[in-house]
Amino acid sequence: QRLKAAVHYTVGCLCQEVEEDKDVQFSKQSIAAISEITFRQCEIFAKDLEMFARHAKRTTVNTEDVKLLARRSSSLLKYINQKSEELASSNMEHKEKKKKKSSTAKGERTPGEQEAAVTENEDSNMA
């Protein structure tokens, strides 16, 4: 019930934005109808996502399932692909930073630092 109320509230806010932008009016009945349709469609999406994951013998829904769900809407699929790539690159950067922090905290050297240290040792040995 709380989720349904949250959907209704969000639809109401969106309708209010459209009213201000497009100079139109939404009746309470039309907002309620849009809310109900939106909620039912979200339930269908959730069941479909669950079935996609189950079909792939997984218990977790992943981005590939969401892309499969959005395949009929080219603009939505394009948006999801873009966001997915952004998240992937952000996660890679985060992992790299974490890796560097943990190696410096342990006193380990990065490959570049190791190479510099070897060169420094060789130079001091030659002198």
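Residues numbered from 1 in each chain as written. Predicted model: local features only at pLDDT ≥ 70, side-chain atom pairs only at ≥ 80, totals over all residues. Heavy atoms only, no water.

The protein chain is annotated in an unreviewed UniProt entry as Centromere protein S of Chloropsis hardwickii. Turning to the protein chain, the UniProt annotation filed under Sequence similarities (unreviewed entry) states: "Belongs to the TAF9 family. CENP-S/MHF1 subfamily." (UniProt positions renumbered as here; feature names shortened; annotations may be inferred.)

1. Observations concerning the nonpolar core
Formed by V7, V11, C15, I31 and F39, the largest nonpolar core amounts to five residues. Elements with a contribution of two residues or more to this core: α1 (2-22) and α2 (28-55). Among the elements that make up this core, the one with the highest residue count is α1 (three residues). (Core = buried A, V, L, I, M, F, W, Y, C linked by side-chain atoms within 4.5 Å. Buried < 20%, exposed > 50% of the residue type's maximum accessible area, 1.4 Å probe, protein only. Helix = DSSP H or I, 4+ residues; strand = E, 2+ residues; numbered from the N terminus.)

2. Looking at the packing of α1 against α2
Two quantities define a packed helix pair, namely the angle between the helix axes and the distance between the axes. At a minimum axis separation of 9 Å, α1 and α2 run at an interaxial angle of 125°. As the angle between them shows, α1 and α2 are arranged oblique. Handedness of the α1/α2 crossing: right-handed. Along the contact surface, α1 presents L3, K4, V7, H8, V11, G12 and C15, while α2 presents I31, A32, I34, S35, E36, T38 and F39. Taken together, the residues of the contact of α1 with α2 sort by class into eight nonpolar, four polar and two charged. (Axes fitted to C-alpha atoms, helices over the stretch in contact; angles between N-to-C directions. Parallel < 35°, antiparallel > 145°, perpendicular 65-115°, else oblique. Left-handed = near helix turned anticlockwise from the far one by under 90°. Contact = heavy atoms within 4.5 Å. Nonpolar A, V, L, I, M, F, W, Y, C, P; charged D, E, K, R; others polar.)

3. A word on the confidence of the model for the protein chain
The predicted model of the protein chain has a mean per-residue pLDDT of 86, with 81% of residues at 70 or higher. Here helix α5 (residues 111-126) stands out as the element of the protein chain with the lowest mean pLDDT, 48, in contrast to α2, whose mean of 97 is the highest. Residue range residues 117-127 is modelled with pLDDT below 50. Its contacts to residues more than four positions away, or to other chains, number one contact. (pLDDT = per-residue confidence, 0-100.)

4. What about the pattern of salt bridges?
Counted by the stated rule, this structure contains six salt bridges. The partner of E50 in a salt bridge is R54, and the shortest N-O contact between them spans 3.0 Å. On the criterion of helical spacing, the pair formed by E50 and R54 is a turn pair, its members being four residues apart in helix α2. A salt bridge links E64 to K67; the nearest nitrogen and oxygen atoms lie 3.4 Å apart. Of this pair, E64 and K67 both sit in helix α3 (residues 63-69), three residues apart, roughly one helical turn. Look at E64 and you get partly exposed, because its relative accessible area is 47%. According to the relative accessible area criterion, K67 is buried, its value standing at 17%. (Salt bridge = Lys/Arg side-chain N within 4 Å of Asp/Glu carboxyl O.)

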